[in-house]
Amino acid sequence: MSSRRKFITQSAQATAALIMVPDLLSATTAQPIVPAGEIGYKQEALGYSFNSLEPSIDALTMEIHYTKHAAGYTKNMSDAILAEKVDTSALAITELLAKISSYSTKMRNNAGGHYNHELFWKSLRAPRTFNMPGDALMKRFKESFGSFDAFQTKFSDAAKSRFGSGWAWLVGENGKLKVGSTPNQDNPLMDVSDLKGTPLLGLDVWEHAYYLKYQNRRADYISSFWSIINWDQVNERFNQC
Ligand code: MN3
């Protein structure tokens, strides 16, 4: 079952699709966790140039991050998939992550790394195309955190306080928004994660994501992140969860 079909079952067209294609019914029941967009097992094209996020993220960092670090996770995940005989045509990456404890540490680190970076690239956009959360999402920020500012503070604190390498997250779970962080390349889809839910927005706080420009100043990197978020993507994932 492809992630595209899974996506369709969980999208606004779900009802129509189910009427037209009865076998999608099984996809709906088999799959408790909503895929974030259409992330698959391949590294997708970036969709913007390495320098388009400057000055928040410099071009060299983006190039090394995408072509070396992230590409490495995808390759190592693919190696683990072969070694562990995973049928990726029958298993969405979200499903694999949901039972990551039954795979190797190599799979956990690299499937997590692959998924997290694919989501990260989609969540970024050029600073000059500034945009905001949609009305429904903004309402939910107020309900869940008191205000959008309070959400930003909580997210930034999660990103600052993650010791060593990891990710800060905004997740949706049962209509509620939560903020937290995960170590290494873990994410909130994984059965091993303390933080659980559908990832809506993730921030990479590994030093490789910011060290060339910011060195030890992780807080400055985090504050620059707010001007390069692609809220359209976050809105879309929110609408699916
Ligand atoms: Mn990274």
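What counts as what
- Residues numbered from 1 in each chain as written.
- Predicted model: local features only at pLDDT ≥ 70, side-chain atom pairs only at ≥ 80, totals over all residues.
- Heavy atoms only, no water.
- Donors = N, O, S within 2.8 Å, 3.2 Å for Na, K, Ca; no water.
- Buried < 20%, exposed > 50% of the residue type's maximum accessible area, 1.4 Å probe, protein only.
- Pairing = 2+ DSSP bridges.
- Helix = DSSP H or I, 4+ residues; strand = E, 2+ residues; numbered from the N terminus.
- Axes fitted to C-alpha atoms, helices over the stretch in contact; angles between N-to-C directions.
- Contact = heavy atoms within 4.5 Å.
- Expected span 1.5 Å × (residues − 1).
- Phe/Tyr/Trp six-rings, centres within 6.5 Å; stacked < 30°, edge-to-face > 60°.
- Lys NZ or Arg CZ within 6 Å of the ring centre and 35° of its normal.

1. A word on the coordination of the manganese ion
For the manganese ion, the full set of protein donor atoms is His65 (NE2), His117 (NE2), Asp204 (OD) and His208 (NE2), at a range of 1.9 to 2.1 Å. The motif formed by the donor residues of the manganese ion, counted along the single chain, is H-x51-H-x86-D-x3-H. Residue His208 is classed as buried on the basis of its relative accessible area of 19%.

2. Regarding the sheet that holds strand 3 (residues 198-204)
Ordered in space as 2-1-3, the three strands form an open sheet in which the pairing is antiparallel. Lying at the two open borders of the sheet, with one neighbouring strand each, are strand 2 (176-183) and strand 3. The mean inter-strand angle of the sheet, taken between neighbouring strand axes irrespective of direction, is 20 degrees. Relative to strand 2, strand 1 (residues 166-173) is paired through eight bridges, and the arrangement is antiparallel. Considered in strand 2, the bridge of Gly166 is made with Pro183.

3. Some words on the side chain of Thr182
With respect to the secondary-structure elements, Thr182 resides in strand 2. Its relative accessible area of 1% is what places Thr182 among the buried residues. If near-sequence neighbours (up to four positions away) are discounted, Thr182 is found in contact with Arg162, Ser165, Gly166, Trp167, Trp169, Asn187, Pro188, Ser193 and Leu195.

4. Looking at helix 6 (residues 105-122)
Helix length check: helix 6, at 18 residues, gives a terminal C-alpha distance of 26 Å against a target of 26 Å (1.5 Å per residue), a fit within 8%. The element helix 6 is extensively covered by neighbouring structure, given that 13 of its 18 residues are classed as buried.

5. Structural notes on the packing of aromatic side chains
Applying the stated rule across the entire model yields 20 aromatic pairs. Taking 6.0 Å as the distance between ring centres and 90 degrees as the angle between the ring planes, the aromatic pair formed by Phe141 and Trp231 counts as edge-to-face. Placement of the pair is Phe141 in helix 7 (residues 135-145) and Trp231 in helix 11 (residues 231-240), with a sequence separation of 90 residues. Like Phe141, the residue Trp231 is buried in the burial classification. Trp231 gets classed as buried once you look at its relative accessible area, which sits at 2%. In this arrangement the basic side chain of Lys213 is found over the ring face of Tyr214, its NZ or CZ atom lying 5.6 Å from the centre.

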